[in-house]
Amino acid sequence: MKSKTLGLPFLLLAPALLLNSCNVRYDTVSFHEEADLQDAKTPVPKIEIDTNITAGMFGGDVKSNKPYDIQAYYMDDTFTFASAEFTSLTVMYADGTEDPAAAAIKLPQVFQHRIHETFNSMDGGAVVVTKSRIVHAEFADIISRDEPFTLQIKGKFTKDDGTTIPFEIKRKYDISREKGIQSWTDFVSGC
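What counts and what doesn't
- Residues numbered from 1 in each chain as written.
- Predicted model: local features only at pLDDT ≥ 70, side-chain atom pairs only at ≥ 80, totals over all residues.
- Heavy atoms only, no water.
- Salt bridge = Lys/Arg side-chain N within 4 Å of Asp/Glu carboxyl O.
- Helix = DSSP H or I, 4+ residues; strand = E, 2+ residues; numbered from the N terminus.
- Buried < 20%, exposed > 50% of the residue type's maximum accessible area, 1.4 Å probe, protein only.
- Phe/Tyr/Trp six-rings, centres within 6.5 Å; stacked < 30°, edge-to-face > 60°.
- Lys NZ or Arg CZ within 6 Å of the ring centre and 35° of its normal.

Participant: Explain the pattern of salt bridges to me, please; I cannot follow it from the model alone.
Facilitator: Proximity of charged atoms lets side chains of opposite charge pair with each other. Within this structure, the stated rule accounts for 12 salt bridges. For Lys 172, the salt bridge goes to Glu 34, with nearest N and O atoms at 3.8 Å. Here Glu 34 lies in strand β1 (residues 23-36) and Lys 172 lies in strand β10 (residues 164-183), a separation of 138 residues in the sequence. Since its relative accessible area comes to 35%, Lys 172 is described here as partly exposed. The salt bridge partner of Arg 145 is Glu 147, with a shortest N-O separation of 2.7 Å. Salt bridges sharing partners connect three or more residues here, namely Asp 27, Lys 66, Asp 146 and Arg 177.

This is the structure we're talking about:
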């Protein structure tokens, strides 16, 4: 007895048809650097604001979830930075109010380096692995309002030989919001 199968084309087509009919409601915010208010003469960590976006699997809600996190990292290709110590962190809104979550954080905090690997595929199938150190710090639940703010961070890097390099960051962030409804496939194709 021969059995008939629907085959691979049907398996690929069916989800596409189903997903196209699912709608996504999205309400997300993003913070972007409006101005770097500090002329850094020494190495400084890069800053990212994580708005904790969650998404439904196939349709549903995609949204930012307060409070938001601050991530700071420094890529060290010289393999000499052992750690970063953060001694001060302030989130000041345009109305002059300091975010209480940032004010309540226990500082100083020290973050040790770890090895970071990057993989790049080359012609002919070769894979090139590049290694560096990364010093990564995360401060969870620090930004509680969807408003522009000024971020100030102070600290220092410590090298393997014990020498320290102080750093100071002062940046102004603006906010943008996206809100609407789209089909799942349109939403994913825009990512």
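Moving on from the coordinates now.
Participant: Looking at this structure, I do not really get the packing of aromatic side chains. What am I missing?
Facilitator: Any pair of aromatic rings gets described here by the distance separating the centres and the angle formed by the planes. Scanning all chains against the criterion turns up 12 aromatic pairs. Taking 5.0 Å as the distance between ring centres and 45° as the angle between the ring planes, the aromatic pair formed by Tyr 74 and Phe 157 counts as tilted. In this pair, Tyr 74 is assigned in strand β5 (residues 68-76) and Phe 157 in strand β9 (residues 149-159), connecting sequence segments 83 residues apart. In this structure, Tyr 74 and Phe 157 share a single accessibility class: buried. Ring geometry for Phe 81 and Phe 157: centres 5.0 Å apart, planes at 90°, overall edge-to-face. Within this pair, whereas Phe 81 is found in strand β6 (residues 81-93), its partner Phe 157 is found in strand β9, the two being separated by 76 residues in sequence. A connected cluster of aromatic rings, assembled from ring pairs, spans Tyr 74, Phe 81, Phe 86, Phe 111, Phe 139, Phe 157 and Phe 167. Across from the ring centre of Tyr 93, 4.1 Å away, lies the NZ or CZ of Arg 145, which sits over that ring.

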